[in-house]
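What follows is the residue order along each chain.
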Amino acid sequence: MAQALDEIKIGGLGASRRRVEDNRFIRGKGNYIDDIVLPGMLHMEILRSPLAHARINSIDISKAWDIPGVRLVLTGEMMASRNLAWMPTLSYDTQAVLATDKVRFQGQEVACVIADDPYIAKDACEAIVVDYEPLPAIVSPQQAVAEGAPLIRDDKENQHDNVVYDWEVGDKEGTDRAFAAADVISELELHYPRSHPSPLECCGSIADFNRATSKLTVYMTTQAPHIIRAAVALVAELPEQMIRIISPDLGGGFGNKVPVYPGYVMSILASILLERPVKWIEDRTGNLISTGFARDIYLRGEMALRQDGKILGVRMRTDADHGAFFSDAQPSKFKIGLMHSAFSCYDIPAAHLTARGTYTNKAPGGVAYRCSFRVTEAMFFQERMVQAAADDLGIDQAEFRRINFVRDDDFPHRTPFGFLTDSGQYGKCLDVGLEAVGYQDFLRQKEEAKREGRLLGIGISTMTEPLGAGNSREYDILGIKMFDSAELRVHMTGKALLRTGAKTQGQGHETTWAQIVAHELGIPAEDVTVEEGDTDTAPFGMGTYASRSTPVAGAAVAMVSRKVRAKARKLAAHLLEVSEDDIEWELGRFYVRSAPDRGVTIQECAMAAYSNMPDGMEPGLENNAYYDPPNLTWPFACYIATVEVDPETGVWDVLNVVAVDDCGVRINPMIVEGQIMGGLTEAYAMSSMQFITFDADGNCVGSNYMDYLLPTAWETPGFELHEVVTPCPHHPIGAKGIGECATVGGPAAFVNAVMDALRDTGARNIDMPLLPDRVYEALTERHDVSGAPPVRSDDG
Ligand code: CDP
């Protein structure tokens, strides 16, 4: 009799297993960077620029040195003498570690102090006197390219304007032809405002250089420890085996912990100079004003339409505000990330995108905040444009989507910008969503409400997005190909240790990776320990961002498990004294095909690997796998929100939110639902309240949690979740990414709902966040409301 294990009972695929990491988190026993204390550790604080753009005439550090307990004061000049005043960025630009000539954004690092405790270091920072000569600040791409605009990056040879790049993709001629054939051309212009990933734990590092061994150990809040090690090896010219990057528990990352920040570099240099461990812990304002921002992009688009609702072509123009340094990470080949993944779920014959990036006097931005390199901006624009086009044609917005969706039998499908989507049931997801929200009923209620002077609106957002870079043919960062890895060691008792090149920041990898091993090997998930984040022990990987963990590292976990199973099979044949060809596998057990009762468990095979292997077989049961995915994964989502707008105040309330997600096979349904709820919460926050901008002088407005709002459970609406499962055809277990889907697709649902409520005003767009005063202005003035930052009065 076969005795396959019950997969759900052993915590395999599909089990809503409780998160094992929560055992330590809910007890306050997490090991975050600030929990780590090393013997003899010193503390570093950073002096930041109060001005957005200014020449530095002089820096006087003498009073800081006079404070007892100060061990080192670093300025740009001192960094320059070691050739460390500038560092390379992940986008082939340079970034100042400490300012030498000029400051280029408010909050830029100007000096730092290392002292016996953080309070002394802070006091000493305040004793540093900097003589600044203010320069006019640039706070938008429009200002950056205006005639006579001051040159921000005058440090760069051959940089004569504020343009970072001009880039284009798509079929220009084909798109022009589509527009010539159009019955109707729909247009939309909007600004996706700056937002900040704002993880609850800010950034930090502890550098510990040991002169005796020449080994540099750095504890660091990073989502990509191996990339950091490579960067340190190249910049500091240290051999890799002498550098150990440890990313301990992270209190969220959301893309904010991918770039290399000056604080990390200075703590490393300070530790090398002082031969003591040096800790740097960033404060909240430091995090909000100086670390990687997201979005801040102006989008203009036109859609060529046939009267019957068919989209013939799309033109997009983007103007991205990168701040003072182009430092976000994205695949080298693409300047504006994966912006050209827009419209991938629609069957559109031709599209063309032009993109320009500019320097401004703002903190470096454009990071992928819970998204795959600009996919959030792409999908927001796509779904806002789709609603505007449906309205222009007078076609129901759900029907308009259905007319243009890629059909289920049309995969693989080449998108208008050249991606290859491979699976999905878009119409079905939309139907499930419409049914759940009671679409027809709501449309009737909306009409009734209108007669009573009440404003109801419904917004739909449907999208497929590319998750899981690479494949390595197309995706690299700084030339390093995008793949990932896993290493699995099964001990003799059948317990296992799994290490991957990914790095969890709260997504629950310790739980779900063990579930993949359980699925492949039948080893109960509770018997599998998962470790990530230490470059001395984990295999090389590109880290966790862009929801790439499950598509890439998760696939590597399945593949290494299969390699281990292949060896276990040989051991089983040896133990059962039959040929390998006569062996069958069922979950957790090999058996003889002709005699199913004769079998051995995976644990018995593990014991044999150390105690009873056949002659000539290498002992042990372990392996590794590097996984280079053949394609991205393409999850699909349908988010629908209904709202009521108060015509007296512009305040809007969410009535209902329905989410239908298809992320292929779900490893842990409970974790997936948590990811979707978290993403929808962020989507709601961005669309309704999260406001971080700059005044005309480049002062950051929104530099603390009094101004930059994070919704709590109190403000957050409830979400009703549904699923459709279309397995990924190339992922070993059929999974697609999910981590960012709701953050990416959610905002358009909320904004579309409010714009639907305001449809009779003629206003086509209100920029996020849809604060009540903006909604009120659109209602009463009956025009679009821009969220672009103000310009200086001398700019006109
Ligand atoms: O890269 P990141 O971990 O942020 O995103 P992800 O790969 O989409 O995974 C987020 C979490 O959801 C992880 O714990 C995954 O293992 C889990 N997940 C899942 O259970 N089933 C899926 N089909 C996708 C993700």
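Our subject is the structure that appears above.
Let us look at the structure shown here.

Reading guide: rules and limits
- Residues numbered from 1 in each chain as written.
- Predicted model: local features only at pLDDT ≥ 70, side-chain atom pairs only at ≥ 80, totals over all residues.
- Heavy atoms only, no water.
- Buried < 20%, exposed > 50% of the residue type's maximum accessible area, 1.4 Å probe, protein only.
- Helix = DSSP H or I, 4+ residues; strand = E, 2+ residues; numbered from the N terminus.
- Pairing = 2+ DSSP bridges.
- Near = heavy atom within 4 Å.
- Polar contact = N/O pair within 3.5 Å; in protein donor to acceptor, adjacent residues only side chain to side chain.
- Nonpolar A, V, L, I, M, F, W, Y, C, P; charged D, E, K, R; others polar.
- Axes fitted to C-alpha atoms, helices over the stretch in contact; angles between N-to-C directions.
- Core = buried A, V, L, I, M, F, W, Y, C linked by side-chain atoms within 4.5 Å.
- Contact = heavy atoms within 4.5 Å.
- Parallel < 35°, antiparallel > 145°, perpendicular 65-115°, else oblique.
- Left-handed = near helix turned anticlockwise from the far one by under 90°.
- Salt bridge = Lys/Arg side-chain N within 4 Å of Asp/Glu carboxyl O.
- Phe/Tyr/Trp six-rings, centres within 6.5 Å; stacked < 30°, edge-to-face > 60°.
- Lys NZ or Arg CZ within 6 Å of the ring centre and 35° of its normal.

1. Focus: the pairing of strand S21 (residues 455-464)
Consecutive side chains along a regular strand alternate between the two faces of the sheet.
Step number 1: Across the ten residues of S21, ten count as buried, placing the element largely inside the fold.
Step number 2: Alternating positions in S21 separate into two faces, Leu 455, Gly 457, Gly 459, Ser 461 and Met 463 on one and Leu 456, Ile 458, Ile 460, Thr 462 and Thr 464 on the other, with burial throughout.
Step number 3: The sheet contact formed by S21 and strand S31 (residues 636-645) spans ten bridges and is antiparallel. Looking at the pairing, Met 463 lines up with Ala 637 of S31.

2. Digging into the site of the ligand
Step number 1: Gln 507, Ser 549, Thr 550, Val 665 and Ile 738 are the nearest of the 24 residues found near the ligand.
Step number 2: Between the ligand and Thr 512 there is a distance of 2.8 Å, counted from an oxygen atom to a side-chain nitrogen or oxygen.
Step number 3: For the ligand, a nitrogen atom lies 2.7 Å from a polar atom in the backbone of Val 665.
Step number 4: Counting only elements with at least two residues in the shell around the ligand, the list comes to helix H14 (509-521), helix H15 (549-576) and helix H17 (669-688).
Step number 5: Here the residues of the shell around the ligand sort into nine nonpolar, twelve polar and three charged.

3. Examining the sheet that holds strand S29 (residues 595-601)
Step number 1: Ordered by their spatial adjacency, three strands build an open sheet running S27-S28-S29, and the pairing between neighbours is antiparallel. Each having just a single partner strand, strand S27 (583-586) and S29 make up the two edges of the open sheet. Averaged over all pairs of adjacent strands, the angle between strand axes in this sheet comes to 35°, irrespective of strand direction.
Step number 2: Strand direction decides the pairing type here: strand S28 (residues 589-592) and S29, joined by four bridges, are antiparallel. Pairing of Tyr 591 across the sheet is with Gly 599, part of S29.

4. Brief notes about the nonpolar core
Step number 1: Core analysis: the biggest nonpolar cluster contains 132 residues, and Met 303, Phe 343, Phe 400, Tyr 545 and Val 645 have the highest contact counts within it.
Step number 2: Excluding its chain neighbours within four sequence positions, the residues that come into contact with Val 645 are Leu 455, Gly 650, Val 651, Trp 652, Val 754, Ala 757, Leu 758, Val 775 and Leu 779.

5. So, the packing of helix H11 (residues 397-404) against helix H12 (residues 426-437)
Step number 1: Axis separation between H11 and H12 bottoms out at 11 Å; the angle between their running directions is 165°. It follows from the interaxial angle that H11 and H12 lie roughly antiparallel. In this structure, H11 crosses over H12, and the sense of that crossing is left-handed. Every residue of H12 that contacts H11 at Ala 398, Arg 401 and Arg 402 is listed here: Leu 430, Asp 431 and Leu 434.
Step number 2: Split into classes, the residues belonging to the contact of H11 with H12 amount to three nonpolar, no polar and three charged.

6. Looking at the pattern of salt bridges
Step number 1: A full pass over the atoms with the stated rule returns 56 salt bridges.
Step number 2: A salt bridge links Glu 302 to Arg 315; the nearest nitrogen and oxygen atoms lie 3.0 Å apart. Highlighted residues: Glu 302 in strand S15 (residues 293-305) and Arg 315 in strand S16 (residues 311-321), separated in sequence by 13 residues.
Step number 3: Judged by its relative accessible area of 24%, Glu 302 falls in the partly exposed class.
Step number 4: When the shortest N-O distance is used, the salt bridge between Arg 759 and Asp 391 registers 3.5 Å. Linking Arg 759 in the loop between helix H18 (741-757) and helix H19 (772-781) with Asp 391 in helix H10 (residues 375-393), this pair joins segments that are 368 residues apart in sequence.
Step number 5: Residue classification places Arg 759 among the partly exposed positions, given a relative accessible area of 40%.
Step number 6: In this structure, a network of salt bridges that share partners links the residues Arg 55, Asp 93, Asp 101, Lys 102, Arg 104, Arg 153, Asp 154, Asp 155 and Lys 156.

7. Here's the deal with unusual backbone geometry
Step number 1: Following Ala 469, the chain continues to Gly 470 via a peptide bond in cis, the omega torsion being 10°.
Step number 2: Tracing the backbone through its elements, the reader meets Gly 470 in the loop between S21 and strand S22 (476-477).
Step number 3: The amide bond that connects Met 768 to the next residue, Pro 769, takes the cis arrangement and shows omega of -5°.
Step number 4: For Pro 769, the location among the structural elements is in the loop between H18 and H19.
Step number 5: If you check the backbone angles, Arg 295 has positive phi at about 60° while not being a glycine.
Step number 6: Within the element layout of this structure, Arg 295 appears in strand S15.
Step number 7: Residue Arg 295 is classed as buried on the basis of its relative accessible area of 0%.

8. Let's talk about the packing of aromatic side chains
Step number 1: Following the criterion strictly, the structure yields 23 aromatic pairs and no others.
Step number 2: With a centroid separation of 6.0 Å and 80° between ring planes, the pair formed by Trp 86 and Phe 325 is classed as edge-to-face. Taken together, the residues Trp 86 in strand S4 (residues 86-88) and Phe 325 in the loop between S16 and strand S17 (350-358) connect sequence positions 239 residues apart.
Step number 3: Judged by relative accessible area, which is 24%, Trp 86 ranks as partly exposed.
Step number 4: Taking the centre distance of 5.6 Å and the plane angle of 80° together, the rings of Phe 411 and Tyr 426 count as edge-to-face. With Phe 411 in the loop between H11 and strand S19 (413-414) and Tyr 426 in helix H12, the pair connects residues that are 15 residues apart, well separated along the chain.
Step number 5: We classify Tyr 426 as buried; its relative accessible area is 0%.
Step number 6: Following the ring pairs from residue to residue traces out a cluster consisting of Tyr 346, Phe 405, Phe 411, Tyr 426 and Phe 636.
Step number 7: For Arg 153, the ring lying beneath its charged end belongs to Tyr 359, and the centroid distance is 5.2 Å.
Step number 8: The ring of Phe 179 has Arg 315 lying over it, and the distance from NZ or CZ to the ring centre is 3.9 Å.

Honestly, it's all geometry; don't read function into it.
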